[in-house]
Amino acid sequence: MNFKLSLISALLITGAATMLEAREPVSIQLAQNMVTPLVSGQRVQVKKLTRDMTSVGEQIVTSGPSEFQDADVVKARQKRLQQFKDALLRYPQLDDPDVAAARAQFDQLQKQLSVEFQRAQQQLAKIGDAQQALKTIEQNSRSYPVPARMTLPYSQQQIMEWVETAAKARTAAEHNMEQLALLAEFAYLPINRGVPQGGAPYDSGDVKRMQSRAAASLELIDSRYKSMLSQLDSQMEQMQTDVFSRWQEDPLSDKKWLFLQPDSIAEAAQVFARSRAIVQSSLLLERALNRQPDLALAMLEKLDQAEQDFERKSREALASSRLPEARSSDPARLAIATQILLTPRYQFGESGTIVLTTDSIIEREKKSSEIDIDKLELSLSGELKASGTETSWTYRWKEFKFAVPLKEADGSWAIWWITAKNYSSGAANTPIGSWVSARAEKGNPIPRENF
């Protein structure tokens, strides 16, 4: 300290402004004829002043995010330092050891505050405006959401959109994680009771929340991608049963209908189409991710071969399709069958060779009854009693069966299996005394040249 005595009795004090970034200790110049020694009360106050400055210095946290990033905190520390300076200037007894100790503690506190202020400025240079950064991070997480898992099969457009959306979500989440890690390490964000949506500033709890959300987004992207891959792998494994192990029957056996019936052919076409779409989905997804789709390419080859095999067996089955061996050549029954085929209400259309499939005409009988309930009564015991009229019929008829090719609307031919019946008794609406078609079932297709 530099001091100078003058003849004036007034105490003249000069000092630099106490901004926290000031590095020089406060300097007090004193000019007086005589300095009155401290009285006991003043000594107590000086010692308390020293303790207060020591306490303030001890409260300065010099690790982690500095509270001096907060302008209000800086302003409060400046105010407190000025209060300590003003208090010191009331004690010009510079040779007094307690005053000297207080002035030394002031210099130390000023240096501590200056160092911490500089540390805060360095942190702010790294993080910039923390509140704006957190607002941007929050917006990024909403602007680039994780895409939902796609539903099989995937189109090329769906895959490209999913990959692009997932890439943006990953980039945003990774960027957010990097920024949040920097803010968590350096940004001073004291906990507050409010929420940003209500206008409160972001705090360290919000940083942790956003870190969890960003980490969850990255995990969800990986989870959904792996889930789609797993689903594709599962579907392609299932093809071993659904596709590659099916339709192994001999097309020349009694199972040839598997390769001839329209429903069976349509089912096969549907299975092949869906399987191809699934494999194609895997192929497109792998290529979109710049991966080699070896498994998908191999599966496409197997599908092509399986479909070709099915088509070959269908051709073989159709070529071998024949009318059954005739069990009889009875001209009377052939005439009856012809008459049935020509009956307009049946709309059988153009027909081919008729083949009788039963040796002879068979006589059959069946009884049937119907109860017409006209009254229901509930007894005191809780038993429900019904009363009405029962009507019984006895069906008696003669029948034989035959097979015949019928022309379809598209010009192809199919074998129909028809049962002819002639009733002699029956219900009120039963046709009596004439031959009718009682049952007609469509069988396998048959080439025109095979009958």
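Above this text you will find the structure in question.
In short, a report on the structure. None of these values were measured; they are calculated from a predicted model. (Residues numbered from 1 in each chain as written. Predicted model: local features only at pLDDT ≥ 70, side-chain atom pairs only at ≥ 80, totals over all residues. Heavy atoms only, no water.)

Focus: the pairing of strand E4 (residues 413–425)
Here's step 1: The element E4 is extensively covered by neighbouring structure, given that 11 of its 13 residues are classed as buried.
Here's step 2: In the sheet, E4 pairs with strand E5 (residues 435–445) via eight bridges, with the strands oriented antiparallel. Bridge pairing links Trp-417 to Glu-441 in E5. (Buried < 20%, exposed > 50% of the residue type's maximum accessible area, 1.4 Å probe, protein only. Helix = DSSP H or I, 4+ residues; strand = E, 2+ residues; numbered from the N terminus. Pairing = 2+ DSSP bridges.)

Points about the pattern of salt bridges
Pairs can form between side chains of opposite charge whenever their charged atoms are close.
Here's step 1: If you walk through the whole model with that rule in mind, you get 24 salt bridges.
Here's step 2: Measuring nitrogen to oxygen at the nearest pair gives 2.9 Å for the salt bridge that ties Arg-43 to Asp-96. Of this pair, Arg-43 sits in helix H1 (residues 40–58) while Asp-96 sits in the loop between helix H2 (71–88) and helix H3 (97–127); the two residues are 53 residues apart in sequence, bridging distant segments of the chain.
Here's step 3: The buried category is assigned to Asp-96, whose relative accessible area is 11%.
Here's step 4: Notably, a salt bridge pairs Asp-98 with Arg-43, separated by 2.7 Å at the nearest N-O pair. (Salt bridge = Lys/Arg side-chain N within 4 Å of Asp/Glu carboxyl O.)

Points about unusual backbone geometry
Here's step 1: Between Leu-152 and Pro-153 the backbone carries a cis peptide bond, its omega angle lying at -5°.
Here's step 2: Relative to the helices and strands, Pro-153 is located in the loop between helix H4 (130–143) and helix H5 (156–186).
Here's step 3: A positive phi angle is found at Asn-290, which is not glycine, with a value near 60°.
Here's step 4: Residue position: Asn-290 is located in the loop between helix H7 (262–288) and helix H8 (294–319).
Here's step 5: Asn-290 sits in the exposed class, given a relative accessible area of 73%.
Here's step 6: For Gln-347, which is not glycine, the phi torsion reads 55° and is therefore positive.
Here's step 7: One can find Gln-347 in the loop between helix H9 (331–341) and strand E1 (355–356).

Side note on the packing of aromatic side chains
Geometry of an aromatic ring pair is reported as the spacing of the ring centres plus the angle between the planes.
Here's step 1: Applying the stated criterion across every chain, the model contains 10 aromatic pairs.
Here's step 2: With a centroid separation of 5.3 Å and 35° between ring planes, the pair formed by Trp-247 and Phe-272 is classed as tilted. Placement of the pair is Trp-247 in the loop between helix H6 (204–244) and H7 and Phe-272 in helix H7, with a sequence separation of 25 residues.
Here's step 3: You can call Phe-272 buried: its relative accessible area is 3%.
Here's step 4: The residue whose ring lies beneath Arg-333 is Phe-400, and the NZ or CZ to ring-centre distance is 5.8 Å.
Here's step 5: One residue, Arg-448, lies across the ring of Trp-413, its end atom 5.6 Å from the ring centre. (Phe/Tyr/Trp six-rings, centres within 6.5 Å; stacked < 30°, edge-to-face > 60°. Lys NZ or Arg CZ within 6 Å of the ring centre and 35° of its normal.)

Here's the deal with the packing of H1 against H2
Here's step 1: Packing of H1 against H2 leaves a shortest axis separation of 11 Å and a crossing angle of 160°. Considered as vectors, H1 and H2 are oriented roughly antiparallel to each other. Our pair here, H1 against H2, has a crossing hand that is left-handed. Of the residues in H2, those in contact with Leu-49, Asp-52, Met-53 and Val-56 of H1 are Arg-80, Phe-84, Ala-87 and Leu-88.
Here's step 2: Here the contact of H1 with H2 is built from residues that sort into six nonpolar, no polar and two charged. (Axes fitted to C-alpha atoms, helices over the stretch in contact; angles between N-to-C directions. Parallel < 35°, antiparallel > 145°, perpendicular 65-115°, else oblique. Left-handed = near helix turned anticlockwise from the far one by under 90°. Contact = heavy atoms within 4.5 Å. Nonpolar A, V, L, I, M, F, W, Y, C, P; charged D, E, K, R; others polar.)

Structural notes on the environment of Lys-85
Here's step 1: Looking at the element boundaries, Lys-85 is found in helix H2.
Here's step 2: Residue classification places Lys-85 among the buried residues on the basis of a relative accessible area of 9%.

Digging into H3
Here's step 1: Taking 1.5 Å as the rise per residue, H3 with 31 residues should run 45 Å; its terminal C-alpha atoms sit 45 Å apart, in good agreement.
Here's step 2: Backbone nitrogen of Asp-98 and a side-chain oxygen of the N-cap are separated by 2.8 Å at the start of H3; the cap is Asp-96.
Here's step 3: Two residues or fewer after H3 comes Gly-128, characterised by a positive phi angle close to 70°. (Expected span 1.5 Å × (residues − 1). Polar contact = N/O pair within 3.5 Å; in protein donor to acceptor, adjacent residues only side chain to side chain.)

Thoughts on the side chain of Ser-282
Here's step 1: Relative to the assigned elements, Ser-282 resides in helix H7.
Here's step 2: By relative accessible area, Ser-282 is classed as buried at 5%.
Here's step 3: Ignoring sequence-local partners within four residues, the contact set of Ser-282 consists of Leu-232, Met-236 and Ala-296.

Things to note about the side chain of Ser-437
Here's step 1: Its location among the elements puts Ser-437 in strand E5.
Here's step 2: Take Ser-437: its relative accessible area is 16%, and that puts it in the buried class.
Here's step 3: Dropping the residues within four chain positions of it, Ser-437 is found in contact with Ile-340, Tyr-346, Phe-348, Ile-418 and Thr-419.

Comments concerning the nonpolar core
Here's step 1: With 37 residues, the main nonpolar core has Met-239, Val-243, Phe-272 and Val-279 as its most contacted residues.
Here's step 2: Of all elements in the fold, only H5, H6, H7 and H8 reach the threshold of two or more residues within this core.
Here's step 3: A total of nine residues in this core trace back to one element, the largest contributor, which is H6.
Here's step 4: Apart from residues no more than four positions distant in its own chain, Phe-272 is found in contact with Val-243, Trp-247, Leu-303, Ala-306, Glu-307 and Phe-310. (Core = buried A, V, L, I, M, F, W, Y, C linked by side-chain atoms within 4.5 Å.)

Remarks on H9
Here's step 1: For H9, the full list of buried residues reads Arg-333, Ile-336, Ala-337, Ile-340 and Leu-341. One face of H9 carries all of its buried residues, which in axial projection span an arc of 140°.
Here's step 2: The N-capping residue of H9, defined by a side-chain oxygen 3.1 Å from the backbone nitrogen of Ala-332, is Asp-330. (Arc of directions from axis to C-beta.)

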